[in-house]
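Here's the letter readout for the chains.
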Amino acid sequence: MIEPGLVAPERRWTNLAYTVGTTAAAACLLVGLLLQAAGQPADAGDPLDLGAIAGDLGRLRPWGWTMLGVIVLLLTPPAGLLATFVELRAFEPRVALLGLTVMGVLALAVVVALR
Amino acid sequence: MAEPGLIEFELVVLLAAVGAGAFGAVVGVGGGLILVPLLTGFLGVDIKLAIAASLLGVIAVSTTASTTYLARGWADRRLGLVLLVATASGGILGGYLAGLLDGRVLAGIFSVVLLVVAGQMARRRVDRPPPETLPGRFEFDSAYLEPTTGTEVRYRVGRVPLGGAISVGAGALSGLLGIGGGVVNVPTMNALMGVPIRVATSTSTYMLGATAVASAVLYYSRGEVDGLLAAPVVVGVLVGARVGARLAAHLPRRALQLAFALVALVFAAQMLMRGMAG
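Residues numbered from 1 in each chain as written. Chains lettered and ligands numbered in written order. Predicted model: local features only at pLDDT ≥ 70, side-chain atom pairs only at ≥ 80, totals over all residues.

The next subject is the overall build of chain A. Along its length, chain A carries four helices and zero strands. Over its C-alpha atoms chain A spans a radius of gyration of 18 Å, topping by over 25% the 13 Å that the globule rule assigns to 115 residues. Taken over the C-alpha atoms alone, chain A extends approximately 55 × 40 × 15 Å along its principal axes. Counting every position in chain A, which comprises 115 residues, the buried fraction comes to 42%. (Helix = DSSP H or I, 4+ residues; strand = E, 2+ residues; numbered from the N terminus. Rg over C-alpha atoms; globule rule 2.2 N^0.38 Å. Buried ≥ 20, exposed ≤ 12 C-beta atoms within 10 Å, placed from the backbone.)

To continue, consider the overall build of chain B. If you tally the helices and strands in chain B, you get ten helices and two strands. Along chain B, from the amino end to the carboxyl end, the secondary structure elements read α-α-α-α-α-β-β-α-α-α-α-α. C-alpha atoms of chain B, sized along the principal axes, occupy 65 × 40 × 30 Å. The buried share of chain B, taken over its 278 residues, is 58%. For chain B, contacts bridging at least 24 residues in sequence account for 79% of all contacts bridging at least 6. (Contact = placed C-beta atoms within 7 Å.)

Now for the interface of chain A and chain B. Contacts between chain A and chain B engage 51 residues on the former and 50 residues on the latter. Contributions of two or more residues to the side of chain A that touches chain B are made by α1 (12-37), α3 (62-88) and α4 (93-114) of chain A. A class-by-class count of the residues in the side of chain A that touches chain B yields 35 nonpolar, 15 polar and one charged. (Nonpolar A, V, L, I, M, F, W, Y, C, P; charged D, E, K, R; others polar.)

A word on the nonpolar core. Among the nonpolar cores identified, the biggest contains 125 residues, and A:Val102, B:Leu56, B:Ala60, B:Ala216, B:Ala230, B:Val233 and B:Val234 are the most heavily contacted of them. Of all the elements, helix α3 (residues 47-71) of chain B adds the most residues to this core, at 15 residues. Not counting chain neighbours up to four residues away, the residues in contact with A:Val102 comprise A:Leu81, B:Leu81, B:Leu84, B:Val85, B:Ala88 and B:Ala210. (Core = buried A, V, L, I, M, F, W, Y, C linked by C-beta atoms within 7 Å.)

Further remarks concern the confidence of the model for chain B. For chain B, per-residue confidence averages 87 on the pLDDT scale, and residues scoring 70 or more make up 94% of the total. The ipTM for the predicted assembly is 0.92, set against a pTM of 0.91. (pLDDT = per-residue confidence, 0-100.)

Quick look at helix α5 (residues 103-122) of chain B now. Residues and elements named next belong to chain B. Spanning 20 residues, α5 covers 29 Å between terminal C-alpha atoms, matching the ideal 28 Å at 1.5 Å per step. Restricting attention to buried positions, one finds in α5 the residues Leu106, Ala107, Phe110, Ser111, Leu114, Val117, Ala118 and Met121. Buried residues of α5 fall within an arc of 140° about the axis and therefore sit on the same side. (Expected span 1.5 Å × (residues − 1). Arc of directions from axis to C-beta.)

As a further point, take the pairing of strand β2 (residues 151-157) of chain B. Residues and elements named next belong to chain B. Relative to β2, strand β1 (residues 140-146) runs antiparallel, the two sharing seven bridges. Residue pairing for β2: aspartate 141 is matched across the bridge by arginine 156. Turn length for the β1-β2 hairpin, with the two strands adjacent in sequence and antiparallel, is four residues, and the turn residue glycine 150 shows positive phi of about 75°. (Pairing = 2+ DSSP bridges.)

All names here are of chain B. The contact between helix α4 (residues 77-100) and helix α8 (residues 197-221) brings their axes to 8 Å, and the two run at 30°. Taken together, α4 and α8 sit at an angle that is classed as roughly parallel. Helix-helix and strand crossings are classified by hand; for α4 and α8 the assignment is right-handed. Residues Leu79, Gly80, Leu83, Leu84, Thr87, Ala88, Gly91, Ile92, Gly94, Gly95, Tyr96 and Gly99 of α4 form the contact with α8, whose own contacting residues are Thr203, Tyr206, Met207, Ala210, Thr211, Ala212, Ala214, Ser215, Leu218 and Tyr219. (Axes fitted to C-alpha atoms, helices over the stretch in contact; angles between N-to-C directions. Parallel < 35°, antiparallel > 145°, perpendicular 65-115°, else oblique. Left-handed = near helix turned anticlockwise from the far one by under 90°.)

Right, let's talk about unusual backbone geometry for a bit. Positioned with a positive phi, A:Leu60 is a non-glycine residue whose angle comes to about 55°. Looking at where A:Leu60 falls in the secondary structure, it is placed in the loop between α2 (50-58) and α3. Residues other than glycine seldom take positive phi values, yet B:Arg159 does so here, at roughly 50°. As for its position among the elements, B:Arg159 is in the loop between β2 and α6 (160-177). Accessibility expressed as a C-beta count within 10 Å gives 17 for B:Arg159, which makes it partly exposed.

Here you go:
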């Protein structure tokens, strides 16, 4: 029987990864929006140039902050899958392996994207 | 101050995303089906940029809602991870194909999907009781606590290989059009695999985030992810989904589903004309 509202121990890390990732991403995107509203130049750069994104963060440019939010958001589901593997490997190793398999598929997506 | 036109545009996108997120949460389809036609048809955003931004909104809603669904035991993680292997693979396919297809073709496919969803919304769904026999090789039993009755509901997940095969298509559709994929996942799990509707919708939401990542990285690598468009979309959809989830308990869901079917028909016609006009 599952008690409503109870976070079972084997779900805590996944939920933590999702909560921290989504909150951090939303915060970065919101900062970008506020900087844009404050009149900071909103010139877009190359999304694959991580140096340019980092440079924009220091100069408080909206584009860099929004792209950081995008990157954090893209990393959140994989972080959740990694957390799933860690918390389930002792209780349900086959299900935990499925989480790793999905991470493998996402890694394949990155390889296809960078080709 | 910033350029007034740009700020107004961002505000309109933010409001559109709030509306799409709320409406999507109430009728249970996700915001992408409403957001992409709004961005392209009414705000003149390039369809591939709109799809990429919508995918990011899908990820945000999925990771936010999944914390609740996992905590309450409504999202079946074993089923979700099995099907995720298929939907994420499909997501790569959809994201790759989107790079090859013309925007007009994407608009045409989108209009067909909207028509199918409008038809789905007009139909009612029912849950089936689990069979009395032992689960077969590609089946497994599971259970969840139904909050409206306080009872444990047992169900059997069947036809897993067929469900997985269909899920590849759901992932491809998600990656191709920037929609959640729940329009295929939920009926597949509910009608084909015997999963109760609450578990099907929760598990589908849990799967959407990683599925969308598989295709979003392809859009990102092609330079089709615009952070300045993604920001109001993600923030707006997150706010809208939260508002919609609260409103859902107080609004007539069936009437709203029928209203959505009508809106989907209008958007389908609009996207079709856009696709034909070029």
